[in-house]
Amino acid sequence: HIGFTTVFPDLVLSYGLLFAIAVFLACLLQAPSAILRTGIFSVLIIIVLSDAIFEFGTTEGGVRLNAVILTMFATLVLVFFLRQHINKFLIAVFAIMFVSGVVLGLPFSNTEAGGERAPSANGGGLPVVVHLILDGHMGVGGMTPRLPNGERIRNEVSEFYLGNEFRLFSGAYSEYFDTHFSMARFLNADADEVHLEYAVKNRNKYVLSINGYFERWAREGYKINVLQSSYFDLCKSTNVKISSCVTYNHDSFDGEAISSLPLAQRIILIGNMYYSSFTLYKLVQLSELSFKPHLDKYDVSLRGLGLWHGRIGPLAISSQLEQLIRKVSRSNGGEFFFAHLLIPHSPYVYDSSCKVHSPVSSWQLRPERGASDTPKLRYARYAAYFEQIRCTMRKLQPLFDAMRKKGTYEDAVIIIHGDHGARITRIDPEAGNAQQMPRDDYIHSFSTLFALKAPGVVPGNDDRMASIPQLLAYAADRREENLNENSKPYVYLSSGDDKFVRSQIPEFPLSNE
């Protein structure tokens, strides 16, 4: 399910706990109470059927919720009329599901198209190009003294990139708040408003149907290599040939990633990931959004139950980044490496030394849409977020070192940027909230990292306000006019149903403030 393969003692104990729960339920079923038996069987069947609705049915959340409610009613009726034979029926069904699940689930591996290649010859005289998307990485222009140790982290990020010969763009910003819209925009900068149509929703993920940015590098003679998360598929674009595509499950991790956690915390994490995968659980979370106005009247919040959020994105990238570094270090040129890495995206699981925080219940998330926030919570979130940024830099340094050792670093083009800001906001940037949004929330939503190392680009800090599409155009041809367009910076605020309103963004507090 999550790609976790540490059999002993982690999986042995996890399966042991599930077996103990099964034995406990079996004992309860021996009770003469028909109501108790009906309830247990109904819950088990509803869990299975709700997963089927999620996998094979409609993708619209409200319809799913209504479908599960109807399923619950139908299940109660079914169990009542089949109560004499329900044991044999369920044993057969669940046995088939268990066996097929194990067979289909093992061994787990990331999907790759193109296979492993031999090192490139001389790349046709083309340098290595590495383009990394660090999901949710705020720009240094947004790291202000008003944030916990904001000036300190700004100095650390600046020193890291300038020390590795990058030009750091303090005024870089994303035009969209959400990953799929932001990436669809900057990967199709020449498509104007049509770019939104290229991010096609396919059940639980998005697929980018057209990729003008990849096509541009391919026309120059580059082989395109992609490392992507299962959330956003960039390898099915119809206008460009992908030489190699590796997809990692953003809800998976290996044993090495959490080896520093105590055993009890590893078992808790595995258990949390298991139950949070149930569609029924996801629909409980959805129901809070649907019924929030009614729940608020009675001061009821499902978040107060401490239910697991089911997100582990930063853990998923550890081994993937190591594999990417090995591939880049073997390249002699003529290859374009693009990677979408879910770090420093929440949850904030790493400290500055890349040790995983314990207990897992301490892992901070950005505020959910519609959730309340307080200055104390914001302070804690930003403190944890900045720790994860420090870990991100620690994980990137081996890439630069490997390229230096290979001798490709000096001539390489390396582009590193975020897809949006930290998004630790009091008010999310939506068209209906525009008048109430504090200036800081624009900055926290859209200020994004952008660092460029390329021949002819002088290292240093550049404080011009520029969007990601502008900066990528500059990275491709290094023409200053791409950055000197005299236009006011603007972003797009959601007005619902994938509609947007264009809004001017205030200037960021830059490094000289």
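Everything numeric here is computed off the predicted structure, so don't read it as measured data.

Reading guide: rules and limits
Residues numbered from 1 in each chain as written. Predicted model: local features only at pLDDT ≥ 70, side-chain atom pairs only at ≥ 80, totals over all residues. Heavy atoms only, no water. Helix = DSSP H or I, 4+ residues; strand = E, 2+ residues; numbered from the N terminus. Buried < 20%, exposed > 50% of the residue type's maximum accessible area, 1.4 Å probe, protein only. Lys, Arg positive; Asp, Glu negative; His and termini not counted. Salt bridge = Lys/Arg side-chain N within 4 Å of Asp/Glu carboxyl O. Polar contact = N/O pair within 3.5 Å; in protein donor to acceptor, adjacent residues only side chain to side chain. Contact = heavy atoms within 4.5 Å. Patch = residues over 30% accessible without salt bridge, like charges linked within 9 Å, V, L, I, M, F, W, Y side chains within 5 Å. Areas by Shrake-Rupley, 256 points an atom, 1.4 Å probe, with all protein chains shown as cover. Axes fitted to C-alpha atoms, helices over the stretch in contact; angles between N-to-C directions. Parallel < 35°, antiparallel > 145°, perpendicular 65-115°, else oblique. Left-handed = near helix turned anticlockwise from the far one by under 90°. Nonpolar A, V, L, I, M, F, W, Y, C, P; charged D, E, K, R; others polar. Phe/Tyr/Trp six-rings, centres within 6.5 Å; stacked < 30°, edge-to-face > 60°. Core = buried A, V, L, I, M, F, W, Y, C linked by side-chain atoms within 4.5 Å. Disulfide = S-S within 2.5 Å. Pairing = 2+ DSSP bridges. Expected span 1.5 Å × (residues − 1).

Give me the overall build of the protein chain: which residues, what numbers.
Of the regular secondary structure elements, the protein chain holds 14 helices and 14 strands. In the protein chain, buried positions account for 49% of the 513 residues.

Could you give an account of the side chain of Asp-351, naming the residues involved and the relevant values?
Along the chain, the position of Asp-351 falls in the loop between strand S9 (335-341) and helix H12 (375-406). It is Lys-355 that comes nearest to the buried, bridge-free Asp-351 among opposite-charge side chains, at 6.1 Å. Among the polar contacts listed, one links the side chain of Asp-351 to the backbone nitrogen of Lys-355, at a separation of 2.8 Å. Those residues within four positions of Asp-351 in sequence are excluded, and the remaining contacts are His-357, Glu-387 and Cys-391.

Can you break down a nonpolar patch on the surface residue by residue, with the values?
Taken together, Tyr-15, Leu-18, Ile-21 and Tyr-274 make up a surface patch of nonpolar side chains, about 400 Å² in accessible area. Here the nonpolar patch takes 3 residues from helix H1 (residues 7-28), the largest share from any one element. Take Tyr-15: it is sitting in helix H1.

How would you summarise the packing of H1 against helix H8 (residues 263-276) if you had to cite specific residues and measurements?
Two elements in contact, H1 and H8, have axes whose closest approach is 10 Å; the angle formed by their N-to-C orientations is 55°. The orientation of H1 relative to H8 falls into the category oblique. Every pair of crossing elements has a handedness; the one defined by H1 and H8 is right-handed. Residues Pro-9, Asp-10, Leu-11, Leu-13, Ser-14, Leu-17 and Leu-18 of H1 form the contact with H8, whose own contacting residues are Leu-263, Arg-266, Ile-267, Ile-270 and Tyr-274. Across the contact of H1 with H8, the residue classes break down as 9 nonpolar, 1 polar and 2 charged.

Requested: an account of the pattern of salt bridges, with residues and values cited.
Two side chains of opposite charge can pair, provided their charged atoms sit close to one another. Under the criterion given, the structure shown has 21 salt bridges. The salt bridge involving Asp-440 is made with Arg-426; its shortest N-O contact spans 3.9 Å. Taken together, the positions of Asp-440 in helix H13 (residues 439-446) and Arg-426 in the loop between strand S10 (413-417) and H13 put the pair 14 residues apart, joining distant regions of the chain. The shortest N-O distance in the salt bridge between Asp-462 and Arg-464 comes to 2.6 Å. Residue Asp-462 is classed as buried on the basis of its relative accessible area of 9%. Overlapping salt bridges, with partners in common, bring together Arg-146, Arg-426, Asp-440 and Asp-441 in one network.

How would you sum up the packing of aromatic side chains? Please name residues and give values.
Counted under the stated rule, the structure contains 25 aromatic pairs. Judged by centre distance (5.0 Å) and plane angle (80°), the ring pair of Phe-181 and Phe-500 falls under edge-to-face. Note that Phe-181 is positioned in helix H6 (residues 179-186) and Phe-500 in strand S14 (residues 499-504), a separation of 319 residues in sequence. Residue classification places Phe-181 among the buried residues on the basis of a relative accessible area of 5%.

An account of the nonpolar core is needed here, citing residue identities and associated values.
Ranked by internal contacts, the top residues of the largest apolar core, which has 66 residues, are Tyr-161, Leu-315 and Ile-416. When residues in this core are grouped by element, the largest group, 12 residues, is from H12. If you look at the next biggest cluster of nonpolar residues, it comprises 39 residues, including Ile-133, Ala-172, Tyr-222 and Phe-336.

Kindly report on the state of the cysteines, identifying the contributing residues and their values.
Enumeration according to the criterion identifies 2 disulfides in this entry. Here Cys-354 engages in a disulfide with Cys-391; their sulfurs sit 2.2 Å apart. One quick way to see it: the torsion about the S-S bond of Cys-354 and Cys-391 is about 115°, and its sign makes the bridge right-handed. One end of the pair, Cys-354, is in the loop between S9 and H12; the other, Cys-391, is in helix H12, with 37 residues separating them in the sequence. Each member of the pair, Cys-354 as well as Cys-391, carries the same accessibility label: buried. With its bonded cysteines labelled in order along the sequence, the protein chain shows the pairing 1-2, 3-4.

How would you summarise the sheet that holds strand S4 (residues 199-202) if you had to cite specific residues and measurements?
If you trace the 3 strands from one edge of the open sheet to the other, you get S4-S5-S7, paired in mixed fashion. Two strands bound the open sheet, and with one partner strand each, they are S4 and strand S7 (232-233).

Describe the environment of Asn-225, and please don't skip the residues or the numbers.
Looking at where Asn-225 falls in the secondary structure, it is placed in strand S6 (residues 223-229). By relative accessible area, Asn-225 is classed as buried at 5%.

Explain helix H11 (residues 318-330) to me, and be specific about the residues and the numbers.
Counting along an α-helix, one turn takes 3.6 residues, and residues three or four places apart therefore face a common direction. In this model, H11 (13 residues) spans 19 Å end to end at C-alpha, consistent with the 18 Å of a helix rising 1.5 Å per residue. Among the residues of H11, those classed as buried are Ser-318, Ser-319, Gln-320, Leu-321, Leu-324, Ile-325, Lys-327 and Val-328.

Hey, could you go over the pairing of S6 for me, with residue numbers and the actual values?
Across the 7 residues of S6, 6 count as buried, placing the element largely inside the fold. Inspection of the sheet shows S6 paired to S9 by 5 bridges, in the parallel sense. The residue of S9 that forms the bridge with Leu-227 is Ala-339. Summarising the sheet, S6 and strand S8 (residues 244-248) pair through 5 bridges and their orientation is parallel. When the bridges of S8 are listed, Gln-228 appears paired with Thr-247.

Outline H6, supporting the account with residue identities and numerical values.
Summarising burial for H6: 8 of the 8 residues are buried, a large majority. Of all the positions in H6, only Thr-179, His-180, Phe-181, Ser-182, Met-183, Ala-184, Arg-185 and Phe-186 are classed as buried.

I'd like a rundown of the side chain of Thr-247, residues and numbers included.
One can find Thr-247 in strand S8. Given a relative accessible area of 19%, Thr-247 falls into the buried group. Within the local environment of Thr-247, its side chain forms a polar contact with the side chain of Gln-228, the two groups lying 2.9 Å apart.

Could you give an account of unusual backbone geometry, with specific residues and numbers?
Cis geometry is found at the peptide bond from Ile-343 to Pro-344, where omega equals 10°. Summarising the element assignment, Pro-344 is placed in the loop between S9 and H12. Each neighbour pair has its own omega, and for Ser-358 with Pro-359 the value is 5°, a cis peptide bond. Its identity as a non-glycine residue notwithstanding, Glu-165 has a phi of 75°, on the positive side. Within the secondary structure, Glu-165 is located in the loop between helix H5 (150-163) and strand S3 (167-173). Even without glycine at this site, Arg-478 takes up a positive phi of about 55°.

Treat this as a map of the structure, not an account of what it does.
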